[in-house]
Amino acid sequence: MPAQAYRGKECVCQLRRGICDQSCVQGMLETPFYIACLRLTGRRCVVIGGGDIGLEKVEGLLACDGDVTLIAPDAHPELVQLALEGSIRWERRPYEDGDLDGALIAIAATDDTDVNIGVFEDAEARSMLVNVVDVPPLCNFILPAIVRTGPLAVAISTAGASPALAKRMKREIGELFGEPYAVLAVLLNEARGWAKATLPTYQDRKEFFESIVEGDPDPIELLREGDLQAVRDLIESAQRAYAPA
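Residues numbered from 1 in each chain as written. Predicted model: local features only at pLDDT ≥ 70, side-chain atom pairs only at ≥ 80, totals over all residues. Heavy atoms only, no water.

Some points on the pattern of salt bridges
For the structure on display, the rule yields 10 salt bridges. A salt bridge links Glu172 to Arg168, with the nearest nitrogen and oxygen atoms 2.7 Å apart. With a gap of four residues between them, Glu172 and Arg168 both fall in helix 5 (residues 163-176), about one helical turn apart. The class for Arg168 is partly exposed, based on a relative accessible area of 48%. Between Glu210 and Lys206 there is a salt bridge, and its shortest N-O distance comes to 3.1 Å. Of the two residues, Glu210 and Lys206 are both situated in helix 8 (residues 202-213); the distance of four residues between them amounts to about one turn of the helix. By relative accessible area, Lys206 is classed as partly exposed at 32%. Within the structure, one salt-bridge network assembled from shared partners comprises Glu91, Arg93, Glu96 and Asp99. (Salt bridge = Lys/Arg side-chain N within 4 Å of Asp/Glu carboxyl O. Helix = DSSP H or I, 4+ residues; strand = E, 2+ residues; numbered from the N terminus. Buried < 20%, exposed > 50% of the residue type's maximum accessible area, 1.4 Å probe, protein only.)

The following block contains the structure:
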């Protein structure tokens, strides 16, 4: 249920206005968010709500190797299949107190205001990460739009102001920073071991990698032309140039 649905009702956000006046929604635009990338492998993540949005959130968590539990009386057919194949655990019932025990992240994707508030308050009491979909004031973290290409991930956030704008930016960024950048990232990662073992200081390693990324010829243009070997040659040339005498 979107944040606008709370207008005129009892305030449930951190501002505690008494009656909701939507001031917290505007405040989200002024909030400086701390951007981080979480390692979810093996960490318990709970999604409440089994509809289309719940499916989207479950898929995002699974893509990052999260240990996902779905809580919902009914679920999208694709969520049912994920449960049958053992990719997620499905608690086929309404949300209950204690469902967040041991979890790192909770995502509420329901259209029930009381359930959403309950999930938020339970998570806050546990000092854990919580996101109530489409209700930014009931979130202590927000989910940016993500562009993924190989090892690269670019996050786009509008602080909850406009998912439609974030979607457009995601498309345009994906077109701009595509496969050549991902390939270059892989090639540079291959050189990290050599750099750590050979170059004695952080500054030496910084200059080594910048000489490749910002070099002439441009490695990105070479990759766009399909000349992978030329980029490997650039890296080898840089290694010879920066290796201690």
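Read on for the rest.
Considering a negative patch on the surface
A cluster of acidic residues, Glu225, Asp227, Asp233 and Glu236, forms a negative patch at the surface. Looking at the element boundaries, Asp233 is found in helix 10 (residues 228-242). (Patch = residues over 30% accessible without salt bridge, like charges linked within 9 Å, V, L, I, M, F, W, Y side chains within 5 Å. Areas by Shrake-Rupley, 256 points an atom, 1.4 Å probe, with all protein chains shown as cover. Lys, Arg positive; Asp, Glu negative; His and termini not counted. Charge placed at Lys NZ, Arg CZ, Asp CG, Glu CD.)

Quick look at the nonpolar core
Val47, Val58, Leu61, Leu70, Leu79, Ile88 and Ile107 are the most contacted members of the largest nonpolar core, which has 18 residues in total. Looking at this core, the elements that each hand over two or more residues are strand 1 (44-48), helix 2 (52-63), strand 2 (67-71), helix 3 (77-84) and strand 4 (105-108). Looking at this core, the element that brings in the most residues is helix 2, giving three residues. Formed by 17 residues, the second largest nonpolar core is a distinct cluster that contains Ile48, Ala123, Val130 and Leu138. (Core = buried A, V, L, I, M, F, W, Y, C linked by side-chain atoms within 4.5 Å.)

Comments concerning unusual backbone geometry
In this structure, the amide linkage connecting Asp216 to the following residue, Pro217, adopts the cis form with an omega of 10°. Not every positive phi belongs to a glycine, and Asp65 is a case in point at roughly 70°. Here Asp65 lies in the loop between helix 2 and strand 2. Notably, Asp134 is not glycine yet its phi reads approximately 70°, a positive angle. Inspection of the secondary structure puts Asp134 in the loop between strand 5 (129-132) and strand 6 (145-149). By relative accessible area, Asp134 is classed as partly exposed at 46%.

Some details on the packing of aromatic side chains
What the rule picks out here adds up to four aromatic pairs. The interplanar angle of 65° and the centroid separation of 4.9 Å between the aromatic rings of Phe208 and Phe209 together place this pair among those described as edge-to-face. For the residue pair Phe208 and Phe209, the accessibility class agrees, reading buried in each case. Residue Phe208 is classed as buried on the basis of its relative accessible area, which comes to 0%. Among the aromatic side chains, those forming a connected cluster through ring pairs are Trp194, Phe208, Phe209 and Tyr242. (Phe/Tyr/Trp six-rings, centres within 6.5 Å; stacked < 30°, edge-to-face > 60°.)

Structural notes on the sheet that holds strand 2
Taken in spatial order, the five strands line up as 3-2-1-4-5 in an open sheet, and their pairing is parallel. Where the open sheet ends on each side, the last strands, each with one partner, are strand 3 (89-91) and strand 5. On average, adjacent strands in this sheet sit at an angle of 15° to one another, irrespective of strand direction. As paired strands, strand 1 and strand 2 are joined by five bridges and run parallel to one another. Bridge assignment links Arg44 to a residue of strand 2, and that residue is Asp67. Of the strands in this sheet, strand 1, strand 2 and strand 4 touch helix 2, which is tilted by about 170° from strand 1. (Pairing = 2+ DSSP bridges. Axes fitted to C-alpha atoms, helices over the stretch in contact; angles between N-to-C directions. Contact = heavy atoms within 4.5 Å.)

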